[in-house]
Amino acid sequence: MKLGLISLGCSKNLVDTENLTGILVARKGFELTNNLDEAQIILINTCGFIGDAKAESIQTILEIAEKKEKGNLKKIVVAGCLAQRYADELLKEIPEIDAVIGTGEIDKIEMIADEILKNKRVVKCDSFDFLPSSTTERVLTTFPHTAYLKISEGCNRKCTYCIIPALRGELRSREIGDIVKEVENLADNGVKELNILAQETTEYGIDLYKEKALAKLLKEIVKVEKIEWIRLYYMFPNSITDELLEVIKSEDKICKYFDIPIQHISDKILQNMGRAKTGQYIRGILEKVRKQIPEATIRTTVIVGFPGETEEEFQELKNFIEEFKFDYVGVFKYSREEGTVAYSLENQVPEEIKEKRWTELVNLQTEIAEKKNREMLGKIVDVIIDGISTESEYMLEGRTKGQALDIDGKVLTIDGTANQGDIVKVRIEQNFDYDYIGAIVSDEE
């Protein structure tokens, strides 16, 4: 059977999609197709984190359901966070769905395929037992030279706005040796760039080794010769240790890229969110990073419109963003999610005020990013080439060590040649809000 894929939501979800696909291809002999009109079975891996993501997932399912009435499509499998959260409702409201599989049951996809091919409807959302390993089948859907690496699943934190622990279970870390084995497998298959993921990467190992073990893991991963760039995501500020900073600073392979979601800077809002200790603590961590690694790229995310957020507290956040000048800021409007503590908090902020505050921060960060990027003009930087540009077949596009796959900007080249996956020198000649244009130069220049 021909298998079509739709993966929504975060890059952690994409790894799940790659595992689901790998199992179906390796064990069931399904043939992967990029043309959904050809597919006889379509797997939709959904996101259920916030309202907009849920709406996108439901709309996608409905659009695919229409394909069942005509064409080749025979079976629809819905996986991921939305499936975990609303399994019964999905089956009831959308009869075209043949199976629903939760986030902790990925290894059951082979059995589910057998059942739906016998025209049975299946729900499998009972446990959070699954944790990927180096032997779990996987089909990479990224560029061949880059891959995401999930080092743990679930989360022990109790952020009051977040539904993730209910959708993915408690923290379950993989063993260092098994992770390194997967890295070696990826490297042997041409991967040069690793993007390390977890719900909170800096809390890796607490369950398994009774300590924060990310630094120890990185010391082992850098030994894999064919891996050239290593990037970390989702670094919880409370868990960034001096040992971790020293490893990042001293190891050339590790990109000086810090993805540190602060969510807010007001002490009261942070306390009500269940996040970092204080705003001053966050300032201290960020200043330590800048002091020890001046060249660091720092990305963060913030939430506006959290219940009880006053205009003064919003201005405190806005002033901090203007003062600190992050390289990238993802701004989110608070999404009121059933099953979270914050759902029942008083003083819910009206949607129009959330929208206004969101717009203010996005516009502010765009100005900051454009000015910071202007400082890059004339500099020569390392760029990993992702392939032909989507904007022009006469240009290549790639990314610097400070540009993460799919979420940050890119570098377009107007001169010079290179192959996909090459790491080349590029002189930056023009900048935009988040993107650059430059020319490939020789190492001697």
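A. Summary view of the overall build of the protein. A count of helices and strands for the protein gives 13 helices and 19 strands. Dimensions of the protein along its principal axes, counting C-alpha atoms only, are 60 × 55 × 45 Å. Looking at the protein residue by residue over its 445 residues, the buried ones come to 56%. In the protein, the share of contacts with a sequence separation of at least 24, taken over all contacts with a separation of at least 6, comes to 72%. With the model as given, the accessible surface of the protein reaches about 19,200 Å², and the carbon-plus-sulfur share is 47%. In the protein, 60 positive and 80 negative side-chain charges are present, and the distance between their average locations comes to 3 Å.

B. Spatial organisation of the environment of Gly330. Mapping Gly330 onto the fold places it in strand E14 (residues 328-333). Overall, Gly330 belongs to the buried group, its relative accessible area being 13%. Once you skip the residues sitting within four places of it in the chain, Gly330 turns out to touch Arg299, Thr300, Thr301 and Val302.

C. Main features of the pairing of strand E19 (residues 436-441). Burial within E19 is extensive, with six of its six residues counted as buried. In the sheet, strand E17 (residues 411-415) pairs with E19 via four bridges, with the strands oriented parallel. Considered in E19, the bridge of Leu412 is made with Ile437. The sheet contact formed by strand E18 (residues 423-431) and E19 spans six bridges and is antiparallel. The residue bridging Arg427 from the neighbouring strand is Ala439, located in E19. What sits between E18 and E19 in their antiparallel hairpin is a turn of four residues.

D. Examining the pairing of E17 more closely. In this structure, strand E16 (residues 396-399) lies alongside E17, joined through three bridges in antiparallel fashion. Bridge pairing in E17 links Leu396 to Thr413.

E. Spatial organisation of the sheet that holds strand E7 (residues 146-150). Sheet architecture is open: three strands sit in the order E7-E10-E11, paired in parallel fashion. Bordering the open sheet on either side are E7 and strand E11 (229-232), each of which pairs with just one other strand. Taking the axes of each pair of neighbouring strands and ignoring which way they run, one obtains an average angle of 25 degrees across the sheet. Note: strand E10 (residues 193-197) against E11, four bridges, orientation parallel.

F. Expanded view of the nonpolar core. Within the largest apolar cluster, 58 residues are counted, with the highest numbers of intra-cluster contacts made by Leu149, Ile151, Leu218, Ile221, Phe258 and Leu286. Looking at this core, the element that brings in the most residues is helix H6 (residues 176-188), giving six residues. When neighbours within four sequence positions are excluded, Leu149 is seen to be in contact with Arg174, Ile179, Glu182, Val183, Leu186, Leu194, Asn195, Ile196, Leu197 and Ile221. Listed in part, the 20 residues of the second largest apolar core include Ala65, Ala87, Ile94 and Val100.

G. Looking closely at the packing of helix H1 (residues 11-28) against helix H4 (residues 109-116). Between H1 and H4, the least distance of the axes is 9 Å, while the angle of their chain directions is 65 degrees. The handedness of the crossing between H1 and H4 comes out as right-handed. Two secondary-structure elements touch here, H1 through Leu20, Ile23, Leu24, Arg27 and Lys28 and H4 through Ile109, Glu110, Ala113 and Asp114. Partitioning the contact of H1 with H4 into residue classes produces five nonpolar, no polar and four charged.

H. Quick look at H4. Within H4, the full set of buried residues consists of Ile109, Ile112, Ala113, Glu115 and Ile116. End-on view of H4: buried residues confined to an arc of 165 degrees, all on one side of the axis.

About the criteria used
Residues numbered from 1 in each chain as written. Predicted model: local features only at pLDDT ≥ 70, side-chain atom pairs only at ≥ 80, totals over all residues. Heavy atoms only, no water. Helix = DSSP H or I, 4+ residues; strand = E, 2+ residues; numbered from the N terminus. Buried < 20%, exposed > 50% of the residue type's maximum accessible area, 1.4 Å probe, protein only. Contact = heavy atoms within 4.5 Å. Areas by Shrake-Rupley, 256 points an atom, 1.4 Å probe, with all protein chains shown as cover. Lys, Arg positive; Asp, Glu negative; His and termini not counted. Charge placed at Lys NZ, Arg CZ, Asp CG, Glu CD. Pairing = 2+ DSSP bridges. Axes fitted to C-alpha atoms, helices over the stretch in contact; angles between N-to-C directions. Core = buried A, V, L, I, M, F, W, Y, C linked by side-chain atoms within 4.5 Å. Left-handed = near helix turned anticlockwise from the far one by under 90°. Nonpolar A, V, L, I, M, F, W, Y, C, P; charged D, E, K, R; others polar. Arc of directions from axis to C-beta.

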